[in-house]
Amino acid sequence: MRIAGLGLAALLLAACSGQSETAGNAQPAGLAGATGTTAAPGVPAATVAFEGGDQLSPKDPIVVKASGGTLQAVTVTNPQTGNGVKGELSPDKTTWTSSDHLRYAATYQVVATAVNEAGAATEQRGEVHTIKPAGVATPALFQPASGDFGVGLIIGLKFDHDITDKATVEKSLKVTSSPAQEGGWYWVGKREVHFRPKDYWKAGSTVKLETTSFGTPIGGGLYGGQDVSVTYKVHDSWIAKADGKTHQIKAFHNGQLVKTAPISMGKTADTPPRGPTPTFNGTHTVLGKEDHKIMDSCSYGVCEGDPGYYKAPENWNVRISNDGEYLHENLKTVGVQGSDNVSNGCLNMNTENAKWFFDNFNVGDVVEITNSGGPQLAINNGHGDWAISWAAWQAGSALRG
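This one's a predicted model, so the numbers in the text were calculated from it and none came from an experiment. Counting restarts for each chain, with residues numbered from 1 along the sequence as it is written. It should be noted that, the model being predicted, local features are given only for residues of pLDDT at least 70 and side-chain atom pairs only at 80 or more, the latter also being counted only at that level, while totals for whole chains, interfaces and linings use all residues. Note that water and hydrogens are dropped before the side-chain values are worked out from all heavy atoms of the structure.

Colleague: How do you make sense of the overall build of the protein when you look at a structure like this?
Modeller: A run of H or I in DSSP counts as a helix once it spans at least four residues, and a run of E counts as a strand once it spans at least two, with each numbered from the N terminus. The helix and strand tally for the protein stands at 3 helices and 28 strands. The buried share among the 401 residues of the protein stands at 48%. Across the protein, every contact between residues at least 6 apart in sequence was considered, and the portion connecting residues at least 24 apart equals 67%. Note that accessible areas follow from Shrake-Rupley with a 1.4 Å probe, and for residues the cover is restricted to the protein chains shown. By element, 49% of the accessible surface of the protein is carried by carbon and sulfur atoms, the whole surface being about 18,100 Å². Classification of residues uses two cut-offs on accessible area relative to the type maximum, computed with a 1.4 Å probe and protein chains only: under 20% is buried, over 50% is exposed, and between them is partly exposed. Should any heavy atoms of two residues lie within 4.5 Å, those residues are counted as being in contact.

Colleague: Just to check I follow, could you spell out the nonpolar core for this structure?
Modeller: It is characteristic of soluble globular proteins that their nonpolar side chains tend to be buried jointly. We call a set of buried residues a nonpolar core when its members are Ala, Val, Leu, Ile, Met, Phe, Trp, Tyr or Cys and they connect through side-chain atoms within 4.5 Å of each other. The biggest cluster of nonpolar side chains holds 26 residues, and the ones touching the most others in it are Ile155 and Phe159. Contributing elements (two or more residues each) for this core: β13 (155-159), β14 (173-178), β15 (183-188), β16 (192-197), β17 (206-211) and β19 (229-234). Aside from chain neighbours lying at most four places away, what touches Ile155 is Phe142, Val175, Val193, His194, Phe195, Val207, Leu209 and Tyr232.

Colleague: I'm lost on the sheet that holds strand β20 (residues 238-243) in this one. Help?
Modeller: Sheets are built from strands paired through backbone hydrogen bonds, the pairs being either parallel or antiparallel. At least two DSSP bridges between two strands are required for those strands to pair. Strand order in the open sheet formed by 5 strands is β22-β21-β20-β28-β23, and the pairing between neighbours is mixed. With partners counted over all chains shown, the strands left at the sheet margins are β22 (256-262) and β23 (282-285), one partner each. Strand-to-strand twist across the sheet, computed as the mean angle between neighbouring axes with direction ignored, equals 20 degrees. Summarising the sheet, strand β21 (residues 248-253) and β22 pair through 6 bridges and their orientation is antiparallel. Opposite Ile249, over in β22, you have Ala261 as the bridge partner. The angle between two axes is taken between their N-to-C directions and runs from 0 to 180 degrees, where each axis is a line fitted to C-alpha atoms and a helix contributes only its stretch in contact.

Colleague: I'm lost on the sheet that holds strand β27 (residues 347-349) in this one. Help?
Modeller: Spatial ordering of the open sheet is given by β24-β25-β26-β27, a layout of 4 strands whose pairing is mixed. Where the open sheet ends on each side, the last strands, each with one partner, are β24 (288-296) and β27. Strand-to-strand twist of the sheet, defined as the mean angle between neighbouring strand axes without regard to direction, takes the value 35 degrees. Note: strand β25 (residues 311-319) against strand β26 (residues 326-329), 2 bridges, orientation antiparallel. Residue pairing in the sheet places Val318 in a bridge with Leu327 of β26.

Colleague: What exactly am I supposed to notice about the packing of aromatic side chains here?
Modeller: Remark: the centre distance and the inter-plane angle together describe each pair of aromatic rings, the angle taken between the planes. Any Phe, Tyr or Trp ring, taking Trp's six-membered ring, that has another such ring centre within 6.5 Å forms a pair; planes under 30 degrees apart are called stacked, those over 60 apart edge-to-face, and the others tilted. Counted under the stated rule, the structure contains 12 aromatic pairs. Ring geometry for Phe195 versus Trp201: centroids 6.3 Å apart, planes at 25 degrees, classification stacked. Each of the two residues, Phe195 as well as Trp201, counts as buried. The interplanar angle of 70 degrees and the centroid separation of 4.9 Å between the aromatic rings of Tyr200 and Trp386 together place this pair among those described as edge-to-face. Of this pair, Tyr200 sits in the loop between β16 and β17 while Trp386 is found in the loop between β28 (366-370) and α3 (390-395), placing the two residues 186 residues apart along the sequence. Its relative accessible area of 10% is what places Trp386 among the buried residues. By way of ring pairs, the aromatic residues Trp238, Trp356, Phe357 and Phe361 are connected into one cluster. Over a ring means this: the NZ of a Lys or the CZ of an Arg is within 6 Å of the ring centre and within 35 degrees of the ring normal. Residue placement shows Lys289 over the ring face of Phe358; its charged tip is 4.7 Å from the ring centre.

Colleague: In this structure, what is going on with the side chain of Asn341? I would like to understand it.
Modeller: One can find Asn341 in the loop between β26 and β27. On the basis of relative accessible area, Asn341 is assigned to the buried category, the value being 13%. Reaching out from Asn341, the side chain makes a polar contact with the backbone oxygen of Gly244 at a distance of 3.1 Å. Whenever a nitrogen or oxygen atom comes within 3.5 Å of another N or O atom, the pair is scored as a polar contact, on the condition that within protein one atom can donate a hydrogen and the other can accept it, and that pairs from neighbouring residues in sequence are kept only if both atoms are in side chains. One polar contact links the side chain of Asn341 to the main-chain amide nitrogen of Met265, over a distance of 2.9 Å. Sequence-distant contacts of Asn341, that is, excluding residues within four places in its chain, are made with Gly244, His247, Ser264, Met265, Gly266 and Lys267.

Colleague: Whenever I open this one, the pattern of salt bridges confuses me. Can you help?
Modeller: When the charged atoms of two side chains with opposite charge come close together, those side chains can pair. Salt-bridge detection follows one rule: a side-chain nitrogen of Lys or Arg within 4 Å of a carboxyl oxygen of Asp or Glu. Tallied over the entire structure, the rule returns 6 salt bridges. The partner of Glu210 in a salt bridge is Lys208, with the nearest N and O atoms 3.8 Å apart. Glu368 is the salt-bridge partner of Lys241, the closest N and O atoms lying 2.7 Å from each other. Of this pair, Lys241 sits in strand β20 while Glu368 sits in strand β28, and the two are 127 residues apart along the sequence. Exposure remark for Glu368: the relative accessible area of 18% places this residue in the buried category.

Colleague: Looking at this structure, I do not really get the state of the cysteines. What am I missing?
Modeller: As used in these notes, a disulfide is a covalent bond between sulfur atoms, one from each of two cysteines. To count as a disulfide, a pair of cysteine sulfur atoms needs to be within 2.5 Å. With the rule as written, the count across this model stands at 1 disulfide. Between the sulfur atoms of Cys298 and its disulfide mate Cys303 the distance is 1.9 Å. Negative torsions about the S-S bond denote left-handed disulfides, and the value of about 80 degrees found for Cys298 with Cys303 makes this one right-handed. We classify Cys298 as partly exposed; its relative accessible area is 33%. Of the residues examined, Cys303 reaches a relative accessible area of 24% and is grouped as partly exposed.

Colleague: Can you walk me through unusual backbone geometry in this structure?
Modeller: Leave glycine aside and you will find that most residues have negative phi; peptide bonds, for their part, are mostly trans. Here the amide bond leading from Ser178 into Pro179 is cis, since omega sits at 0 degrees, within 30 degrees of zero. Checked against the element boundaries, Pro179 lands in the loop between β14 and β15. For Asn371, which is not glycine, the phi dihedral falls at a positive 55 degrees. Tracing the chain through its elements places Asn371 in the loop between β28 and α3.

Colleague: Can you walk me through the side chain of Thr285 in this structure?
Modeller: Residue position: Thr285 is located in strand β23. A residue is classified by how much of its surface remains accessible, and Thr285, at 0% relative accessible area, is buried. In terms of polar contacts, Thr285 uses its side chain to reach the side chain of His383, at 3.3 Å. Filtering out sequence-adjacent residues up to four positions away, Thr285 remains in contact with Gly152, Arg319, Ile320, Gly364, Asp365, Val366, His383 and Trp386.

The structure is reproduced here in structure tokens:
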């Protein structure tokens, strides 16, 4: 680009908006306090022209362009943090583009020097301002990616603000799996969204979650927070099937039955000192493990002095819900394991069997519970997502309403 009447280098500082600019229509609306000085007598001050307004989205780069010469140096600094912004020159050295993520509500000071064909230098200084949103909705992982997971893995995001434009947010979320598997999103309230495949993940899958909402308006004056990218590994298939009528639990490894054990589930009878405490029906997944734990009924509101209060040490504990359900050893119920349900909601086993499940079942592995006499496991009670039919799950997407 050449500015009429200037035979020397003209420097353009641009907030990139995806539109072409010309010397005739470019406006200095986005560069506050632009000034120019010449490095040699007779060299006119650089001309600044760019478009995009004063409020640059932090997801867009700062772009500096030289017309009638090449860029010799570009420095971009955030004076609020003291940090410099990295960038790259084009092969012809006429354009510099920032490569770092910018910040919301920030001011960036730009100093650029261009040299014309005669070697005369022009320096240009100015500021670029990024948008200041009413709020920033930052996502946190529903399931942190540490280690590998079972085929019942549920992934997703929890935001720190209510999301009003769920469709825009959902469009910014991407899940890819190898091998490819059908899946979908389901909104759990105003701040949380989960992803699961139609069927359990295939053993050995790799699953990647990426977000691209940073710098994007997502309703109610909110903008998306910093994006996340995380990869999950799925190990062998471990699925347990527990039946409240047969009082048996069967474990399947990659589809093959490898273990059968007697159990005692939660009692359904209204027996004192506490009424029915049935185990939840439906598909559970392992949430964590503790080899030794003090089971305290006060954790769900039955405290010392209340009828049915207990506080007891238990071993080989595999947690399957947020409501205090575990697979664990309970020597007090060994006599009825395999014949009666008498527990406070857990799946009781003897020492050998409890230790076997503790050793073989890990986070994301599946425990399907049927005929317990209890209600269906809720989606917010651990990973109750699998208890929802696929049709209902698809209806929970903001893009299908």
